[in-house]
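Summary of structural features
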Amino acid sequence: MKTLSENAAFGGTQGVYSHASSACNCEMTFAVYLPPQAKEGPVPVLWYLSGLTCTHENAMVKAGAQAWAAEAGIALVFPDTSPRGEGVADDEAYDLGQGAGFYVDATQAPWAAHFSMWTYIREELPTLVFRNFDLLEEAQGITGHSMGGHGALTLALNHPEQYKSVSAFAPICNPTGSDWGRMQLGAYLGEDEATWQRHDASKLMAESGFPTPVLIDQGDSDQFLGLLKPEALAQAMALKRQAGTFRMQPGYDHSYFFVASFMEDHIMHHAEILHRL
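Residues numbered from 1 in each chain as written. Predicted model: local features only at pLDDT ≥ 70, side-chain atom pairs only at ≥ 80, totals over all residues. Heavy atoms only, no water.

1. Regarding the nonpolar core
- With 89 residues, the main nonpolar core has F30, Y120, I142 and Y188 as its most contacted residues.
- Per-element tally for this core: the top contributor is helix α3 (residues 117–132), with eight residues. (Core = buried A, V, L, I, M, F, W, Y, C linked by side-chain atoms within 4.5 Å. Buried < 20%, exposed > 50% of the residue type's maximum accessible area, 1.4 Å probe, protein only. Helix = DSSP H or I, 4+ residues; strand = E, 2+ residues; numbered from the N terminus.)

2. Here's the deal with the side chain of D217
- Positionally, D217 belongs in strand β8 (residues 214–219).
- Judged by relative accessible area, which is 0%, D217 ranks as buried.
- At 2.8 Å, the side chain of D217 forms a polar contact with the side chain of Q249.
- In this view, D217 contacts A168, F169, A170, P171, R247, Q249, F258, F262 and H266; residues no more than four positions away in its chain are not counted. (Polar contact = N/O pair within 3.5 Å; in protein donor to acceptor, adjacent residues only side chain to side chain. Contact = heavy atoms within 4.5 Å.)

3. Some details on the state of the cysteines
- Counting across every chain of the model gives zero disulfides.
- With no disulfide of its own, C24 lies 5.4 Å from the sulfur of C26, the closest cysteine sulfur.
- In this structure C173 is not part of a disulfide, and its nearest cysteine sulfur, from C54, lies 17 Å away. (Disulfide = S-S within 2.5 Å.)

4. Quick notes on the pairing of strand β5 (residues 75–79)
- Buried residues dominate β5, accounting for five of its five residues.
- In β5, alternate side chains face the same way, and those of A75, V77 and P79 on one face and L76 and F78 on the other are all buried.
- Both strand β3 (residues 26–34) and β5 contribute to a ladder of four bridges, which runs antiparallel. By the bridge assignment, F30 is partnered in β5 with P79.
- Relative to β5, strand β4 (residues 43–49) runs parallel, the two sharing three bridges. (Pairing = 2+ DSSP bridges.)

5. Description of the sheet that holds β3
- With mixed pairing, nine strands are arranged side by side in an open sheet as β1-β2-β3-β5-β4-β6-β7-β8-β9. Both outer strands of the open sheet, β1 (2–9) and β9 (244–249), are each paired with one neighbouring strand and no more. With direction set aside, neighbouring strand axes in the sheet form an average angle of 20 degrees.
- Running at roughly 135 degrees to strand β6 (residues 135–144), helix α4 (residues 147–158) makes contact with β4, β6, β7 (165–169) and β8 of the sheet.
- Lying over the sheet, helix α8 (residues 230–240) contacts β8 and β9, oriented at roughly 150 degrees with respect to β9. (Axes fitted to C-alpha atoms, helices over the stretch in contact; angles between N-to-C directions.)

6. As for helix α5 (residues 179–189)
- For α5, the complete set of buried residues consists of W180, G181, Q184, L185, A187, Y188 and L189. Down the axis of α5, the buried set is contained in an arc of 165 degrees. They therefore lie on one face.
- Tucked inside the fold, the buried residues of α5 contact α7 (225–228).
- Where α5 begins, the side chain of S178 points an oxygen toward the backbone nitrogen of W180, at a separation of 3.0 Å.
- Where α5 terminates, the next one or two residues include G190, which has phi positive at roughly 100 degrees. (Arc of directions from axis to C-beta.)

Here it is as C-alpha cells:
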C-alpha cells in the first residue's frame, strides 16, 4: 500500500492510498478518514460507495462527511468506482466501463479481466484496510450515492453478516427494470437475467429484508427519477415491513448538494447501530 497524501481534518486524518489489486488486475486508489477517536483505539467503519463517473475523491471532497464522522467516532472508506488505466476496457458511454463498475464481478469480455468490483469491495479492500488501520471489523456499515447506493444496498442485503448497517442516497433501486442497469448488467454479466437478480435492491429487499433499520433519502426534483425507480424499493420495503425510513426530500436533485445536506443523518444512523455492537 502506498501513501499518496495525508491531511489533518477535524482532529483526525484524511488519507489517500493506492495498491496493486489482484481482483481488478490494476492499480487502485482509495481514501480513508480516521476520526480523532482512532488515536485511542479501534473504531467502527462506514464504507461510502460513489456513483457514475466518480472516483474516491468526489465524496471525500464534496460530501461533508468528515466533520460528522469525527463527531460520531467512526472511520470512513471511500473506494474508487471501477478499475482504471491503460489496458482496462472502457466505453464511450459515461455509464459503462471506467467510472461505472456497477459493483458487480463481470463475467463477459472485455470486462471480466478487470471489472471485479464486488470482490474488490467486499473482500480484497477490506482485507487491506483492516490490516493497515486499527478498525473494528465486526462493526462495518455501508452507504452510497446513485450507482453507489445500488452497490451499498445489494452488498448489504446479500451479506448482512458483514455489513451491520446500511443507507443510501438516491440509489438505483431496480436496475433489472431500468436503463440504468439493464445495459450494464447485460454487458458485465451476460444475457441470463437470473444472474442479475442478486444485484437488484428492490428484489432483494422484497425477498429477505435487512436485520437493522435502513435509511433511504431521495430528492423529488432528481433529474434521474425515471432511471432510479425509487417507488420499486419503497414498495418492497412496505411489503416486507422493513424497519427503517424512506424519505422523499422536496426540491432536492441528484447532486452532492443533496448528499451533503443529509450526510449528518446518515452518519448518525450508522453510528447509532455500529456503536451498539
